[in-house]
Amino acid sequence: MKSPIRVTVTGAAGQIGYSLLFRLAAGDAFGPEQPIILQMLEIPPAMQALKGVAMELEDCAFPLLHDMVLTDDPAVAFRDTNWALLVGAKPRGKGQERSDLIRDNGPIFVGQGRAINENAAPDVRVLVVGNPANTNCLIAMSNAPDVPKERFAAMTRLDHNRAVNQVAKKAGVHVTDVQRIAIWGNHSATQVPDLNHALIRGEPAPQVIGDETWVRDTFIPTVQQRGKAVIEMRGHSSAASAANAIIDHVRSLALGTPEGDWVSMAVPSELGEYGVPEGIIFSYPVTCRDGHYSVVNGLEHPDYIGEMIEVTTQELLRERAVVEDLLGSRP
Ligand code: NAD
Ligand code: LMR
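Residues numbered from 1 in each chain as written. Chains lettered and ligands numbered in written order. Predicted model: local features only at pLDDT ≥ 70, side-chain atom pairs only at ≥ 80, totals over all residues. Heavy atoms only, no water.

## Quick notes on the sheet that holds strand S7 (residues 178-179)
Strand pairing in a sheet is mediated by backbone hydrogen bonds. Such pairs are either parallel or antiparallel.
Then, number 1: Taking strand neighbours across the sheet as the criterion, the 3 strands line up as S7-S10-S11 in an open arrangement whose pairing is antiparallel. The sheet is open, and its two borders are formed by S7 and strand S11 (203-204), each paired with just one other strand.
Then, number 2: Bridge count for S7 against strand S10 (residues 199-200) is 2 bridges, and the pairing is antiparallel. Bridge pairing in S10 places Val-178 opposite Ile-200. (Pairing = 2+ DSSP bridges. Helix = DSSP H or I, 4+ residues; strand = E, 2+ residues; numbered from the N terminus.)

Here you go:
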């Protein structure tokens, strides 16, 4: 048995936390040989609920769960942590956009970025889920100047999984028959779900589907608006599917992506890939190996995808301007 790794979950008593913690403890993210210590952060009013969740975790007698830390102190939650999963933040309600949360949630990621910088393990990897995820990730990263930028990501895996499902349903195949879907840009209504490079049973998806009107008028808006559609039906934002996407994201990064396929992650646009300016957190197709990701380079876009990428880029630049005062001193 390997020695345990430390996994921090913020907002651990929330809706997503209630699915996520049990799947982490069951070994779904890191595999059946990797024990974990769960370090769970909450705000003081939610500490009692968190204790209840911890009781349930105990009652599962998970063989891989070696210890638990319950705290309302970010310094304790991030101490020596290897994986920081930043979920804790307000969700949007009906009629809101995710960016409406920016001034409420943004400040959370200033303190947590600093606490990660001061306390986390040297190999820490950070995934931001709390919305608006891309810009919150930028805030956390800019307040953690000693942690390499490539360790930060925001979650677009839920959008990726949603896109895979829509394509599989349309083509009448199983989700495992669909590869190389891409989500570009912001985890927002401007995101760019892209099937132009996708394969269905190894054949080019646009040809297999053969219905460009469906791609533009149904596929893209359905994926872009899926979070809102869930809120309208459920009365709360997606939680179990979000937790599942966190597990998928972490597993891809920790254990690698399959040969010939890729996944979507929002990562720092450091290299100016695809003409995106530096200094925002932008979703790209990536491959992962040995705990690191590489952006898939050299894909050619049809004009309409290029135009959509410009729109989502401009939105991210506007979000960045709104939180300029929360960005740390990192160059
Ligand atoms: P929730 O309200 O059920 O839970 C959030 C939890 O965070 C609460 O228990 C709250 O006490 C806690 N919290 C608030 N501030 C905190 C802080 N400073 N430190 C630690 N904990 C804090 O919400 P949820 O449904 O679990 O969603 C959490 C966030 O994830 C929301 O912002 C939601 O919009 C976002 N989300 C993102 C995606 C994505 O794909 N990126 C998907 C689903 C949800
Ligand atoms: C989602 O995509 O389901 C989440 O970001 C929650 C939301 O506000 O839509």
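## Observations regarding helix H5 (residues 133-142)
Owing to its 3.6 residues per turn, the α-helix aligns residues three or four sequence positions apart on the same side.
Then, number 1: Most of H5 is tucked away, with 10 of its 10 residues classed as buried.
Then, number 2: Those residues of H5 not exposed but buried are Ala-133, Asn-134, Thr-135, Asn-136, Cys-137, Leu-138, Ile-139, Ala-140, Met-141 and Ser-142. (Buried < 20%, exposed > 50% of the residue type's maximum accessible area, 1.4 Å probe, protein only.)

## What about the pattern of salt bridges?
Then, number 1: A full pass over the atoms with the stated rule returns 12 salt bridges.
Then, number 2: Asp-28 is the salt-bridge partner of Arg-23, the closest N and O atoms lying 2.7 Å from each other.
Then, number 3: In this structure Arg-23 comes out as partly exposed when scored by relative accessible area, which is 27%.
Then, number 4: Measuring nitrogen to oxygen at the nearest pair gives 3.3 Å for the salt bridge that ties Asp-211 to Lys-170. Here Asp-211 is found in the loop between helix H7 (205-209) and helix H8 (212-224), whereas its partner Lys-170 is found in helix H6 (residues 157-171), with 41 residues between them in sequence. (Salt bridge = Lys/Arg side-chain N within 4 Å of Asp/Glu carboxyl O.)

## A closer look at the site of ligand 2
Then, number 1: Around ligand 2, a shell composed of Arg-92, Arg-98, Asn-131, Leu-158, Arg-162, His-187, Gly-227, Ile-231, Ser-237 and Ser-238 is seen.
Then, number 2: A distance of 2.5 Å separates an oxygen atom of ligand 2 from a polar side-chain atom of Arg-92.
Then, number 3: Arg-162 places a side-chain nitrogen or oxygen 2.7 Å from an oxygen atom of ligand 2.
Then, number 4: When isolated, ligand 2 has an accessible area of 260 Å², and the protein chains bury 94% of it.
Then, number 5: Going through the elements one at a time, H6 and helix H9 (226-234) are the ones with two or more residues in the shell around ligand 2.
Then, number 6: The class makeup of the residues in the shell around ligand 2 is 2 nonpolar, 5 polar and 3 charged.
Then, number 7: Of the domains in this structure, domain 1 (5-154) and domain 2 (157-320) are the two that each give at least three residues to the shell around ligand 2. (Near = heavy atom within 4 Å. Polar contact = N/O pair within 3.5 Å; in protein donor to acceptor, adjacent residues only side chain to side chain. Areas by Shrake-Rupley, 256 points an atom, 1.4 Å probe, with all protein chains shown as cover. Nonpolar A, V, L, I, M, F, W, Y, C, P; charged D, E, K, R; others polar. Domains from an automatic or database assignment.)

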